[in-house]
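# Close look at the chain arrangement
In case you want the letters, here they are:
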Protein chains: 2
Amino acid sequence: MPSSPIRKLAPLANEAKRQGVKVYHLNIGQPDLPTPQKALDALKAIDRKTLEYSPSEGFLGLREKMVGYYAKFGITDIAPENIIVTAGGSEAILLTFLACMNPGDEMIMVEPGYANYISFAVTAGIVVKTVTSYIEDGFKLPPMEAFEEVITPRTRAILLCNPGNPTGAVYSPEDLRKIRELVLKHDLYLISDEVYREFVYTEEPYVSVMSLGIPDNAILIDSVSKRYSECGIRIGMIVTHNRLVYDTVMKYCQARLSPPLLGQIVAEASIEGTEEYSRESYKEYKSRRDFFIKGLNSIPGVYSPMPHGAFYTVASLPVADAEDFCRWCLTDFRMDGETVMMAPAAGFYRNPDLGRNQVRLAYVLCREDLQRSLMLIRGALKAYNHREV
Amino acid sequence: MPSSPIRKLAPLANEAKRQGVKVYHLNIGQPDLPTPQKALDALKAIDRKTLEYSPSEGFLGLREKMVGYYAKFGITDIAPENIIVTAGGSEAILLTFLACMNPGDEMIMVEPGYANYISFAVTAGIVVKTVTSYIEDGFKLPPMEAFEEVITPRTRAILLCNPGNPTGAVYSPEDLRKIRELVLKHDLYLISDEVYREFVYTEEPYVSVMSLGIPDNAILIDSVSKRYSECGIRIGMIVTHNRLVYDTVMKYCQARLSPPLLGQIVAEASIEGTEEYSRESYKEYKSRRDFFIKGLNSIPGVYSPMPHGAFYTVASLPVADAEDFCRWCLTDFRMDGETVMMAPAAGFYRNPDLGRNQVRLAYVLCREDLQRSLMLIRGALKAYNHREV
């Protein structure tokens, strides 16, 4: 079981804070934007005497709201009976893996990829095969030949994260057409994590796995966490037309009894009537991206491609061992009593030789804090590369 | 992956309700008692602008409150660093299994046992061995010889539920002394699910696994769900002095990011200043138990031992196939537009020959509803055994 590259340095950050150091968190996708007022109002309005279990599949009201949500994105064939509410996207991923694959089965994902996918795959006993995307190509989807090379008789699924965490890559309609052919050819599940769907900064139309016309293969992982800045309520969902997958997921869901009650109430209130909020969030992240990526590339030796979605980027640094650098920033580096926390990118690769000089950065802080973080990275790199060892 | 015996008949119950039938739920431990007002007030008082992630191990404030809670029960050596907050007792069980055992390892539990243990064991790839307790003995702890018989070189853990779900059995200090010797002799983990700790109706002192003086072996599963009637908030915890277990659980916890934020706030407010609430709940359940068990045993052919803890009992019915009877109650039986839902007990046994004529019943309804449920069971048994097939 690997450690989370996003959280494993947390004890060092806590120690720094205990010393009175201010830590800028670029390591984790915890947005600083407020949760929609409508959702906070719904929380205040909860007037239940008993905070009881909810249905294992989640409240019908929330699932109905999600049907309306998908319809706004042109996905009109979803019914509440295709949706299962989970304890965050995290549980959605784990239960999808458990339901779709047996121990020893193989799944293909793109590296660098969301590190916790590997943790959940290990939990489910799944063998992860990776195809590599490269920073110099802007982490674009690897060619289908690369996927074909790692497909074996035990391959059961391809897992995409689109828009991508940690890279911010967004796959084009043409990319998805190719993937569609591949999963049909080899009869694979196509599991698509689309929790960053609303943060796509390209002109090309965004294509969901649910729009590909492969209802038996497609499984959508979703979450309200990022789009409504309510990561803490732990509400995600699995969406599928495949009844066998649905029924198997439900067995796991019944074992864990129910998803969080209070989070469901907040989530349900977040989905409708928050269009203005979503527009503002989008503009804010796009502006932060433009500012932050430009700033990164102005630091000597740093390179970041332009991410087209989500609110992350993977950047290369002028250091041999980015993890050591990230640790050092927390333990040794201080500039006016402040430092910066980054996630070493090596943990997002399966191949231990890749990504050693890269970090994942989340641009979820306000512009002022991003500016300060850029100065800290610049200063830290200079000090680190000139320190006496 | 087995279906939950507690929830698998839910679609039939939903269909009955759609027909306008009132269903009395004896199948699930969803208390009807109100959540403490202090906890509901804390929920109303939440005044955060962003509902953000919490620490993977849970808020320090909640863990500190739990330290005080255990101290009240004479367990004084727990520190916040021994506690990990989870998404309900359910996640605590799954993560404990994943952290303590590898796929193929064996765990021993008593049957009938909480059915979802087996689901989580299947999830973790663990082989479950059972030792049987019997209704005619009041489901008392099987003799140590029965445990010894199923111990193999691959046995890693013994799992107890004390007080027991589904049986209501409470293990005596003498029982726990014997179990302690056994786990030390074979170097096993002793995982003890004590979520019903506060509902013990015997005169004998209640002994927690954390009081046995085996810090490296003991793992406590806990939850605020039942004791504060807040099952929906999904807050449980794992407590252990074993650092390796703690650290391994934390890897899984970091992968799933964090436990529910809102639930933690409610849970933290529930723990102190609710002594009067706890006393009242205790009295209420004890009174319901006395009333309900007496009523059950007055129905011809029904037998229930007297449970000493929790709020469940396993009763035998004068039917060959209790699951068929439970289904029939939902699909066919109506008395003044009402029926009753029970959990077939066979799902709580590993041995498919056992418990076929038994049901698990939760006495979590008010006395009036329990009375009505008893009448429905009586009427349903009569009608079922006289129906034309």
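Residues numbered from 1 in each chain as written. Chains lettered and ligands numbered in written order. Predicted model: local features only at pLDDT ≥ 70, side-chain atom pairs only at ≥ 80, totals over all residues. Heavy atoms only, no water.

### Examining the sheet that holds strand S3 (residues 106–111) of chain A
Residues and elements named next belong to chain A. Defined as follows: Strand pairing is defined by DSSP finding a minimum of two bridges between the two strands. Secondary structure is summarised from DSSP: a helix means a run of H or I of at least four residues, a strand means a run of E of at least two, and numbering begins at the N terminus for each. An axis is simply a line fitted to the C-alpha atoms; with a helix, the fit covers only the stretch in contact. Between two such axes, the angle follows the N-to-C directions and lies from 0 to 180 degrees.
Reading across the sheet, the seven strands line up as S2-S8-S7-S6-S5-S3-S4 and stay open at both edges, with mixed pairing between neighbours. On the outer flanks of this sheet lie strand S2 (83–87) and strand S4 (127–132), each paired with one strand and no other. Going from strand to strand, the sheet's axes swing by 25° on average, the running direction of each strand aside. Two strands pair when backbone bridges link them, and strand S6 (residues 189–193) and strand S7 (residues 218–223) are joined in this way by four bridges, in the parallel orientation. Within S7, the residue paired with Ile191 across the bridge is Ile219.

### A closer look at the relation of the copies chain B and chain A
The test is simple: Alignment of copies: least-squares fit on C-alpha atoms of residues with pLDDT of at least 70 in both copies. For this analysis, residues touch if any pair of their heavy atoms sits within 4.5 Å.
Expressed as a screw operation, the relation of chain B to chain A combines 0.0 Å of axial shift with a rotation of 180°, fitting to an RMSD of 0.0 Å. Look at the turn and shift together and you get a two-fold axis relating the two. When each C-alpha of chain B is compared by its distance to the rotation axis, B:Lys44 comes out closest, at 2.7 Å. In this assembly the copies share their binding face: 100% of the residues contributing to the interface of chain B also contribute to that of chain A.

### Things to note about helix H5 (residues 115–123) of chain A
In an α-helix, one turn spans 3.6 residues; hence positions three or four apart end up facing the same way. All names here are of chain A. Our working rule: Each residue is assigned to one of three classes by its accessible area relative to the maximum for its type, calculated with a 1.4 Å probe on protein chains only: buried under 20%, partly exposed between the two thresholds, exposed over 50%.
Taken across its nine residues, H5 has eight buried, putting it largely inside the fold. Listing the buried residues of H5 in full gives Ala115, Asn116, Tyr117, Ile118, Ser119, Phe120, Ala121 and Thr123. Immediately downstream of H5, the backbone of Gly125 shows phi near 75°, a positive value.

### Comments concerning the interface of chain B and chain A
How we decide: As a working definition, buried area equals the accessible area (1.4 Å probe) given up by two parts on being put together, with both sides summed. Just to be clear on terms, a salt bridge is a Lys or Arg side-chain nitrogen sitting within 4 Å of an Asp or Glu carboxyl oxygen.
With 58 residues of chain B in contact, the opposing surface of chain A contributes 58 residues. Between chain B and chain A, the buried area comes to about 4600 Å², and carbon and sulfur atoms account for 58% of it. Of all residues in chain B, B:Arg7, B:Leu51 and B:Tyr53 give up the largest surface area on contact with chain A, accounting jointly for 17% of the area buried on that side. Here chain B is connected to chain A by zero salt bridges.

### Here we look at the nonpolar core
Quick reminder of the rule: Nonpolar cores were defined as sets of buried Ala, Val, Leu, Ile, Met, Phe, Trp, Tyr and Cys residues, with membership established by side-chain atoms within 4.5 Å.
Residues A:Phe97 and B:Phe97 are the most contacted members of the largest nonpolar core, which totals 295 residues. Excluding anything up to four places from it in sequence, A:Phe97 contacts A:Met107, A:Tyr117, A:Phe120, A:Ala121, A:Ala124, A:Ile126, A:Leu159 and A:Ile191.

### Quick word on the confidence of the model for chain A
Note the threshold: A residue's pLDDT is the predictor's confidence in that residue, given on a scale from 0 to 100.
A residue-level look at chain A finds 100% of positions with pLDDT of 70 or above and a mean pLDDT of 96. Prediction confidence for the complex, expressed as pTM and ipTM, is 0.94 and 0.93 respectively.

### Concerning a positive patch on the surface
Here is the rule: Each patch groups residues whose relative accessible area exceeds 30% and which form no salt bridge, using 9 Å between like charges and 5 Å between nonpolar side chains of Val, Leu, Ile, Met, Phe, Trp and Tyr. Residue exposure ignores everything except the shown protein chains as possible cover, and the areas themselves are Shrake-Rupley values with a 1.4 Å probe. Charge assignment in this entry is limited to Lys and Arg as positive and Asp and Glu as negative, and neither His nor the chain termini are counted. Lysine's charge is taken at NZ, arginine's at CZ, aspartate's at CG and glutamate's at CD.
A surface patch of positive charge is lined by A:Lys44, A:Lys49, B:Lys44 and B:Lys49. Tracing the sequence through the fold places B:Lys44 in helix H2 (residues 37–44).

### Points about the sheet that holds strand S6 (residues 189–193) of chain B
Residue and element names in this part refer to chain B. With mixed pairing, seven strands are arranged side by side in an open sheet as S2-S8-S7-S6-S5-S3-S4. The open sheet has two edge strands, strand S2 (83–87) and strand S4 (127–132), and neither has a second partner. Between one strand axis and the next, the sheet turns by 25° as a mean value, whatever way the strands run. Where strand S3 (residues 106–111) meets S4, six bridges bridge the pair, whose relative direction is parallel. If you follow Glu106 over to S4, its bridge partner there is Val127.

### Overview of the packing of helix H10 (residues 275–297) of chain A against helix H12 (residues 367–386) of chain A
In a packed pair of helices, the relevant descriptors are the angle between the two axes and the axis-to-axis distance. Residue and element names in this part refer to chain A. Condition: Throughout, the term roughly parallel applies to angles under 35 degrees, roughly antiparallel to angles over 145, roughly perpendicular to angles from 65 to 115, and oblique to all others. It is the rotation of the near helix from the far one that decides the hand of a crossing: anticlockwise by less than a right angle makes it left-handed, clockwise makes it right-handed. Residues are grouped as follows: Ala, Val, Leu, Ile, Met, Phe, Trp, Tyr, Cys and Pro are nonpolar; Asp, Glu, Lys and Arg are charged; every other residue, Gly included, is polar.
Between H10 and H12, the shortest axis-to-axis distance is 10 Å and the interhelical angle comes to 15°. Relative to H12, the element H10 lies roughly parallel. As H10 runs across H12, the sense of the crossing is right-handed. Along its contact with H10, which presents Ser287, Arg288, Phe291, Phe292, Gly295 and Leu296, the element H12 presents Arg367, Leu370, Gln371, Leu374 and Ile377. Of the residues contributing to the contact of H10 with H12, the split by class is six nonpolar, three polar and two charged.

### Considering the packing of aromatic side chains
How we decide: Centres within 6.5 Å make a pair out of two Phe, Tyr or Trp rings, where for Trp the six-membered ring is used; the pair is then stacked when the planes are under 30 degrees apart, edge-to-face when over 60, and tilted otherwise.
According to the stated counting rule, one finds 30 aromatic pairs over all chains in the structure shown. Between A:Phe199 and A:Tyr285 the ring centres are 4.9 Å apart and the planes differ by 75°, which places this aromatic pair in the edge-to-face class. Taken together, the residues span a long stretch of sequence, with A:Phe199 in the loop between S6 and S7 and A:Tyr285 in helix H10 at a distance of 86 residues. Both residues of the pair, A:Phe199 and A:Tyr285, belong to the buried class. A ring pair is formed by B:Phe325 and B:Trp328, whose centres lie 6.3 Å apart and whose planes are at 20°; its orientation type is stacked. Here B:Phe325 pairs with B:Trp328, and both are found in helix H11 (residues 322–331), just three residues apart, close to one helical turn. Overall, B:Phe325 belongs to the buried group, its relative accessible area being 0%.

### Looking at the packing of helix H4 (residues 88–100) of chain A against helix H8 (residues 243–255) of chain A
All names here are of chain A. Two numbers describe how H4 lies on H8: the axes approach to 9 Å, and their chain directions differ by 120°. Between H4 and H8, the angle falls in the class oblique. Considering only the axes of H4 and H8, their crossing is right-handed. Where H4 approaches H8, its residues Leu95, Leu98, Ala99 and Cys100 are matched on the opposing element by Val245, Thr248, Val249, Tyr252 and Cys253. Here the contact of H4 with H8 is built from residues that sort into eight nonpolar, one polar and no charged.

### Concerning the pairing of strand S10 (residues 338–341) of chain B
Residues and elements named next belong to chain B. Neither face of S10 is open: one carries Glu338 and Val340, the other Thr339 and Met341, and all of them are buried. Across four bridges, strand S1 (residues 22–25) lies against S10 in parallel orientation. Pairing of Tyr24 across the sheet is with Val340, part of S10.

### Quick look at unusual backbone geometry
Where the residue is not glycine, phi is negative for most of them; where a peptide bond is considered, it is trans in most cases. All names here are of chain A. Of note, the bond from Glu111 into Pro112 is cis; its omega dihedral lies within 30 degrees of zero at -5°. Note that Pro112 resides in the loop between S3 and H5. The omega torsion across Asn162 and Pro163 is 0°, close enough to zero to call that bond cis. As for its position among the elements, Pro163 is in the loop between strand S5 (155–161) and helix H7 (173–186). The backbone phi angle of Asp187 is positive, close to 55°, even though this residue is not glycine. If you trace the backbone, Asp187 turns up in the loop between H7 and S6.

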